[in-house]
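What the coordinates show
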Amino acid sequence: MKNISAAVEKYREMILDAERYIWQNPETGYKEFKTSKYMAEKFEELGYSLNYADGITGFYTVLDTGREGPTV
């Protein structure tokens with residue numbers, strides 16, 4: 001739990017900026033073009049390699065935990 005709290009605190013401003021951006025730029029479901037672009041830019045700034053879904057907004061990335069097991 002300490003690791004999670006530390007990560008949240010480290011990225012506190014980025015998290016709050018994202019919340020504010022989404023609040024100020026509402027979009028309807030499956031048409032979140034601005035939000036998806038904004039979030040993709042932020043994840044790429046953090047060094048993540050993104051995979052984009054075909055035909056819908058959104059993306060995913062694989063988080064390397066250094067342990068074997070399933071991916072989420």
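Higher on the page you've got the structure.
Computed from a prediction, not measured in an experiment: that's the story for all the values here.

Some points on the packing of aromatic side chains
Scanning all chains against the criterion turns up four aromatic pairs. Note on Y21 and Y38: the rings are 4.1 Å apart at their centroids and 5 degrees apart in plane angle, and the pair reads as stacked. On the criterion of sequence distance, the pair formed by Y21 in helix α2 (residues 12-24) and Y38 in helix α3 (residues 33-45) is long-range, its members being 17 residues apart. Ring geometry for F43 versus Y48: centroids 5.6 Å apart, planes at 55 degrees, classification tilted. Cluster of aromatic residues (ring-pair linked, three or more members): F43, Y48, Y52 and F59.

Quick notes on a nonpolar patch on the surface
A surface patch of nonpolar side chains, amounting to about 790 Å² of accessible area, comprises M1, I4, V8, Y11, I15, L46, Y48 and L63. The topology assignment puts L63 in the segment after β2 (59-60).

Overview of the side chain of T35
Relative to the elements of secondary structure, T35 occurs in helix α3. Look at T35 and you get buried, because its relative accessible area is 15%. A distance of 2.7 Å separates polar atoms of two side chains, one belonging to T35 and the other to E27.

Description of the packing of α2 against α3
The geometry of α2 relative to α3 is characterised by a closest axis approach of 10 Å and an angle of 170 degrees between their N-to-C directions. Considering their axes alone, α2 and α3 lie roughly antiparallel with respect to each other. Along this stretch, α2 crosses α3, giving a crossing that reads as right-handed. Every residue of α3 that contacts α2 at M14, D17, A18, Y21 and I22 is listed here: K34, T35, Y38, M39 and E45.

Focus: the side chain of N25
Its location among the elements puts N25 in the loop between α2 and α3. Residue classification places N25 among the buried positions, given a relative accessible area of 18%. Polar side-chain contacts of N25 include one of 2.8 Å to the backbone oxygen of Y21. Beyond its immediate sequence surroundings of up to four residues, N25 is in contact with K34 and T35.

Definitions and cut-offs
- Residues numbered from 1 in each chain as written.
- Predicted model: local features only at pLDDT ≥ 70, side-chain atom pairs only at ≥ 80, totals over all residues.
- Heavy atoms only, no water.
- Phe/Tyr/Trp six-rings, centres within 6.5 Å; stacked < 30°, edge-to-face > 60°.
- Helix = DSSP H or I, 4+ residues; strand = E, 2+ residues; numbered from the N terminus.
- Patch = residues over 30% accessible without salt bridge, like charges linked within 9 Å, V, L, I, M, F, W, Y side chains within 5 Å.
- Areas by Shrake-Rupley, 256 points an atom, 1.4 Å probe, with all protein chains shown as cover.
- Salt bridge = Lys/Arg side-chain N within 4 Å of Asp/Glu carboxyl O.
- Buried < 20%, exposed > 50% of the residue type's maximum accessible area, 1.4 Å probe, protein only.
- Polar contact = N/O pair within 3.5 Å; in protein donor to acceptor, adjacent residues only side chain to side chain.
- Axes fitted to C-alpha atoms, helices over the stretch in contact; angles between N-to-C directions.
- Parallel < 35°, antiparallel > 145°, perpendicular 65-115°, else oblique.
- Left-handed = near helix turned anticlockwise from the far one by under 90°.
- Contact = heavy atoms within 4.5 Å.

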